[in-house]
Amino acid sequence: MKIDFISNDDLTRIGHLQPLGWSDIISEFNFYISSKFCYPIKVTENNKIVGIGCSIIFGNSGWLAHIIVDENFRGKGIGATIVQNLLDIIKSQGVKTNLLIATAMGLPLYQNFGFRIVTDYIFMQRTSAADQQQVSPNIIAYKDEFRNEILRMDKKVCGEDRSLLIEEQLVNSFIFSNNGKISGFYVPTLKEGPIIATDVESGIELMRFKYFNKGKAVLPSNNQAGINFLKNFGFEITNTVGVRMILGDDIEWIPENIFSRIGGNFG
């Protein structure tokens, strides 16, 4: 068994690891390879890639993502080897907080490493069409003058410095502005399309704007206002399980202000 970093040449060799229902892993690992804050690794046996994963570092926090083991090689400790190596990468950067979102299958593995449950993510799916779209006049297109305030808001709500991930996509974002004060933002081109807001009104209006023609939604279970809105907007809760877990130092975050996550790899 050999462990190394993934290169561009490996992208054509990982397609067989694609889990059912996940976003395209080749696209995700291409993003990891090209991002200086991401550290994707592979496990090979007899020149075959049998496991992959990635460490993602946001300043004071690190995420473990896309930990996948070939179903024909499970039960051999490969998953645990990947987790340990990803944790070692994060530790080598002086980061003491490790985060991930676990599936039901992966939950026992992470608990063995000492990860503790923080909260659940609720997965919802549209079951009936929305009425005619209504867009609040407070929702406006991004301007460069909003950049610093958006990054400060994201850091305050999420407790992490995710600026390297989100700032390149801000040019495509929408802002909720009330009397000149920014109270929420939505970035449609960043993975699942995060919505962060400092109050319920702003978050709900941005959700109304986003989900008029969207079929799926994911947000923390702590955001009951957002969940209730989606229930009244044609969505139902599914049986999909997503568990946010942490190892090491806690971080201060405000999950009720997250009205849509970025993705399973970034929270």
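Residues numbered from 1 in each chain as written. Predicted model: local features only at pLDDT ≥ 70, side-chain atom pairs only at ≥ 80, totals over all residues. Heavy atoms only, no water.

Sheet architecture is open: five strands sit in the order 7-8-9-10-14, paired in antiparallel fashion. Looking at the sheet topology across the chains shown, the edges are occupied by strand 7 (139-141) and strand 14 (258-260). Averaged over all pairs of adjacent strands, the angle between strand axes in this sheet comes to 30°, irrespective of strand direction. Pairing of strand 8 (residues 174-178) with strand 9 (residues 181-186), which is carried by five bridges, proceeds in the antiparallel orientation. Paired with S177 across the two strands is I182, which belongs to strand 9. (Pairing = 2+ DSSP bridges. Helix = DSSP H or I, 4+ residues; strand = E, 2+ residues; numbered from the N terminus. Axes fitted to C-alpha atoms, helices over the stretch in contact; angles between N-to-C directions.)

Let's shift gears to the packing of helix 6 (residues 200-211) against helix 7 (residues 224-231). It is the contact of helix 6 with helix 7, at a shortest axis distance of 10 Å, that shows an interaxial angle of 35°. For the pair helix 6 and helix 7, the crossing hand works out as right-handed. The segment helix 6 lies against helix 7, with V200, I204, M207, R208 and Y211 engaging A225, G226, F229 and L230. In the contact of helix 6 with helix 7, the residues fall into seven nonpolar, one polar and one charged. (Left-handed = near helix turned anticlockwise from the far one by under 90°. Contact = heavy atoms within 4.5 Å. Nonpolar A, V, L, I, M, F, W, Y, C, P; charged D, E, K, R; others polar.)

In this structure, I14, F29, Y32, I52, I56 and L165 are the most contacted members of the largest nonpolar core, which totals 44 residues. For this core, the secondary-structure elements that each account for two or more residues are helix 1 (25-34), strand 3 (48-58), strand 4 (61-69), strand 5 (97-102), strand 6 (116-126), helix 4 (147-158), helix 5 (163-166) and strand 9. Each residue touching Y32, except ones within four places of it in the same chain, is listed here: C38, P40, C54, I56, A65, H66, N265 and F266. The next biggest cluster of nonpolar side chains, apart from the first, holds 24 residues, and it includes F73, I78, L87 and L100. (Core = buried A, V, L, I, M, F, W, Y, C linked by side-chain atoms within 4.5 Å. Buried < 20%, exposed > 50% of the residue type's maximum accessible area, 1.4 Å probe, protein only.)

Turning next to the packing of aromatic side chains. Within a pair of aromatic rings, the relevant descriptors are the distance that separates the centres and the angle that separates the planes. Tallied over the full model, the rule gives 13 aromatic pairs. Ring geometry for F31 versus Y32: centroids 6.4 Å apart, planes at 65°, classification edge-to-face. What makes F31 partly exposed here is its relative accessible area of 24%. Ring pairs connect the aromatic residues F29, F31, Y32, F37, F58 and F266, which therefore count as one cluster. (Phe/Tyr/Trp six-rings, centres within 6.5 Å; stacked < 30°, edge-to-face > 60°.)

The subject of this paragraph is the pattern of salt bridges. Scanning the model with the defined rule gives ten salt bridges in all. Across the salt bridge formed by E149 and R152, the nearest N and O atoms sit 2.9 Å from each other. Taken as a pair, E149 and R152 lie in helix 4 at a separation of three residues, close to a single helical turn. Across the pair R261 and E192 runs a salt bridge whose closest N-O atoms are separated by 2.9 Å. Note that R261 is positioned in the segment after strand 14 and E192 in the loop between strand 9 and strand 10 (195-197), a separation of 69 residues in sequence. The class for E192 is partly exposed, based on a relative accessible area of 34%. Through salt bridges with shared partners, one network takes in D10, R13 and K42. (Salt bridge = Lys/Arg side-chain N within 4 Å of Asp/Glu carboxyl O.)

For S260, the position within the fold is in strand 14. A distance of 3.3 Å separates the side chain of S260 from the side chain of Y211, its partner in a polar contact. The contact partners of S260, leaving out residues within four places of it in the chain, are E192, G193, P194, I195, K210, Y211, V218 and L219. (Polar contact = N/O pair within 3.5 Å; in protein donor to acceptor, adjacent residues only side chain to side chain.)

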